[in-house]
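Notes for the structure review
In case you want the letters, here they are:
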Amino acid sequence: MSKFFKKKDNQEAEEKAFKARKVRLISRLRGVKDILPDEHKYWSLVVKKAAELSRAYGFKRMDTPVLESLELYERSSGRASDIVTKEMFSFVDKNGEKIALRPEATPGIVRSYIEHGLFNLPQPVKLFWLGPVFRHDKPQAGRFRQFSQFDLENIGEASPVADAELMAIAYYFFSELQLEVIIQINSVGCAVCRKEYLVKLENFYKERGRRTKLCQTCKKRLVKNPLRLLDCKEKRCQEMAIGAPQLVDSLCEDCRNHFIKVLEYLDELNIPYNLNPTLVRGLDYYNRTVFEIWPAFADPPDRSVRERAGDSAGKPVEEQSRQNALGGGGRYDGLVEYLGGRPTPACGFGIGVERVILKIKEKNIPLRDEEKGDLFLAHLGDQARRKIMVLFEELRKNGFKVRQAFAKDSLKSQLEMANQAGVKYTLILGQKEIMDGTILIRDMESGLQEVVDYKKVSAEIEKRLGSPSNKL
Ligand code: HAM
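This one's a predicted model, so the numbers in the text were calculated from it and none came from an experiment.

**Some details on the site of the ligand**
Around the ligand sit 26 residues, and of these Glu104, Asp137, Arg281, Tyr286 and Ala325 come closest. In this structure, Glu104 approaches the ligand through a side-chain N or O atom, which is 2.5 Å from a nitrogen atom. Within the side chain of Tyr285, one N or O atom sits 3.1 Å away from a nitrogen atom of the ligand. Surface burial for the ligand is 95%, taken as the share of its 650 Å² of free accessible area covered by protein chains. Those elements that provide at least two residues to the shell around the ligand are β6 (146-155), β10 (327-331) and β11 (346-352). A breakdown of the residues in the shell around the ligand according to their chemical character gives 9 nonpolar, 9 polar and 8 charged.

Listed below in structure tokens is the structure:
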């Protein structure tokens, strides 16, 4: 008893001393996340699925630096885009160079494609990219200042089959993660047909005093970037956008044919999509196909595609989906040339990993626990501990998933840990077994224990669990 009180007194004294130091705790910055061990199983799953699908469709992994010159984004994402005007983390470095933390992957990937002469390889070059990006967004659920994107870029392919392939991969990615999504799709045409469309759009907003009813941001957009009037988040602007002329009605013949082909491929593959006339995306480099991947609750997938076309604009659920899009992308045929390369068609998408993980958690989808082991090694006494440290390495090298608690002394707590690790068998080594040259195999479900020859333990385990895979 007295020992207990002494310990408690010590603890209290330590706590008091700790508080007296008045050390200000440093917390993480707003809008960024720590990924603790418990959450990593979701990351492993998402990264594994992304890598698996990318490989199957011939996309090869590449990475680019977090830091790039600020000009890269000003020139590609667009000087008037939200990303460049409001959201970029940028600074001037010690040499006076203007630097940005990448707010998206596409410009860096295209820069790298040009810089390393990837245009000399057989085209298209299909690239898979996964990494952190940074946007000074207003933090809220599903919106972070540092988040990760899984990107696929197909550079050098003009055929509409490339656009459809990307949307199909995005759809399979979500459905294989048991998440229901719907692709929102539109065409923003090419420089020629969009120019004509923009005149119609501007006239529409100038007519009947509509301009005066727009929000302040849209009034500026009308001059700088009228296309963005269509995807404003303000209700009154959305209501007006419903009646606005539609881009798809103004497409030139080539753009229309391209769009029809993309839709035909999607129909063939049975990919659920919604023709969304107000989807324009917030980045300057897109032409022709643009798309976003939204959670399916906004639009039940059992309704026919034609019936769904354009009927959901303005609903609160749609607004929720738009702001929490799981992914987005499109064609960007002018970007390579704009950044100094040869004229090269291209398309791609980016998926927000954190948003995917939030959805998996929301749906309580059970995950396979990769941390689970096959076997646990328990010991009694220091001599046994030394021996099982050697045995652990032997079994691990043979390909078994072995778990241990070398630092623990009590057999009871080791068995508890073995239970938590979900192993089928625990090997127990004590003084008696060392003397006899044996070891105990305990079946964790039945509790039955069997004595086996220490030298034959690996073969015994293999007999029970099957031979492990030694592949890297
Ligand atoms: P984006 O639509 O700006 O496209 O971003 C892609 C995805 O990143 C979004 O759909 C969303 O899931 C996720 N995301 C965006 N902002 C945040 C945030 N603040 N917090 C958490 N997740 C977020 C692009 O970035 C284009 N580069 C995609 C692309 C690739 N287009 C062609 N190729």
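This is not the end of the story, as more comes after the structure.
**Comments concerning the pairing of strand β14 (residues 425-429)**
Here β14 lies mainly inside the structure; 5 of its 5 residues are buried. Burial along β14 is two-sided: Tyr425, Leu427 and Leu429 and Thr426 and Ile428, pointing in opposite directions, are all buried. Both strand β12 (residues 375-379) and β14 contribute to a ladder of 5 bridges, which runs parallel. Paired with Phe376 across the bridge in β14 is Thr426.

**Description of the domain arrangement of the protein**
When cut into domains, the protein gives domain 1 (37-362) and domain 2 (375-471). Each of domain 1 and domain 2 has a C-alpha centre, and these two points are 52 Å apart.

**A few points about the nonpolar core**
By size, the foremost hydrophobic cluster in this structure holds 50 residues, and its most contacted members are Val110, Ile155, Tyr205, Leu214 and Leu230. Ignoring anything within four residues of it in the chain, the contact list for Leu230 reads Tyr197, Leu201, Tyr205, Ala241, Ala244, Pro277, Thr278 and Val280.

**Focus on the sheet that holds strand β3 (residues 89-92)**
The strands making up a sheet associate through backbone hydrogen bonding, with each pair oriented either parallel or antiparallel. Spatial ordering of the open sheet is given by β2-β4-β3, a layout of 3 strands whose pairing is antiparallel. The open sheet has two edge strands with one neighbour each: β2 (67-69) and β3. When the angles between neighbouring strand axes are averaged without regard to direction, this sheet yields 35 degrees. For β3 and strand β4 (residues 98-101), the ladder comprises 4 bridges, and the chain directions are antiparallel. Across the sheet, Phe89 pairs through a bridge with Leu101, a residue of β4.

**Re the sheet that holds strand β1 (residues 60-61)**
If you walk across this open sheet you meet the 8 strands as β1-β5-β6-β11-β10-β9-β7-β8, and the pairing is mixed. Edge positions in the sheet fall to β1 and β8 (273-275), since each has one partner strand and no second. Bridge count for β1 against strand β5 (residues 125-134) is 2 bridges, and the pairing is parallel. Bridge assignment links Lys60 to a residue of β5, and that residue is Leu127. The strands that helix α2 (residues 40-56) touches are β5 and β6; relative to β5, the one it contacts most, it runs at about 160 degrees.

**Quick notes on a nonpolar patch on the surface**
On the surface, a cluster of nonpolar side chains totalling about 230 Å² of accessible area is made up of Val66, Leu67 and Phe91. Looking at where Phe91 falls in the secondary structure, it is placed in strand β3. Judged by its relative accessible area of 36%, Phe91 is partly exposed.

**Some words on α2**
The terminal C-alpha atoms of α2 lie 24 Å apart, and with 17 residues this matches the ideal 24 Å at 1.5 Å per residue to within 8%. All of the buried residues in α2 are Tyr42, Trp43, Val46, Lys49, Ala50, Ala51, Leu53 and Ser54. In the stretch just after α2, Gly58 is the one whose phi turns positive, near 80 degrees.

**So, the state of the cysteines**
Taken as a whole, this structure holds 0 disulfides when the rule is applied. The cysteine Cys215 is free of any disulfide, with Cys237 supplying the nearest cysteine sulfur at 3.7 Å.

Conventions adopted
- Residues numbered from 1 in each chain as written.
- Predicted model: local features only at pLDDT ≥ 70, side-chain atom pairs only at ≥ 80, totals over all residues.
- Heavy atoms only, no water.
- Near = heavy atom within 4 Å.
- Polar contact = N/O pair within 3.5 Å; in protein donor to acceptor, adjacent residues only side chain to side chain.
- Areas by Shrake-Rupley, 256 points an atom, 1.4 Å probe, with all protein chains shown as cover.
- Helix = DSSP H or I, 4+ residues; strand = E, 2+ residues; numbered from the N terminus.
- Nonpolar A, V, L, I, M, F, W, Y, C, P; charged D, E, K, R; others polar.
- Buried < 20%, exposed > 50% of the residue type's maximum accessible area, 1.4 Å probe, protein only.
- Pairing = 2+ DSSP bridges.
- Domains from an automatic or database assignment.
- Core = buried A, V, L, I, M, F, W, Y, C linked by side-chain atoms within 4.5 Å.
- Contact = heavy atoms within 4.5 Å.
- Axes fitted to C-alpha atoms, helices over the stretch in contact; angles between N-to-C directions.
- Patch = residues over 30% accessible without salt bridge, like charges linked within 9 Å, V, L, I, M, F, W, Y side chains within 5 Å.
- Salt bridge = Lys/Arg side-chain N within 4 Å of Asp/Glu carboxyl O.
- Expected span 1.5 Å × (residues − 1).
- Disulfide = S-S within 2.5 Å.

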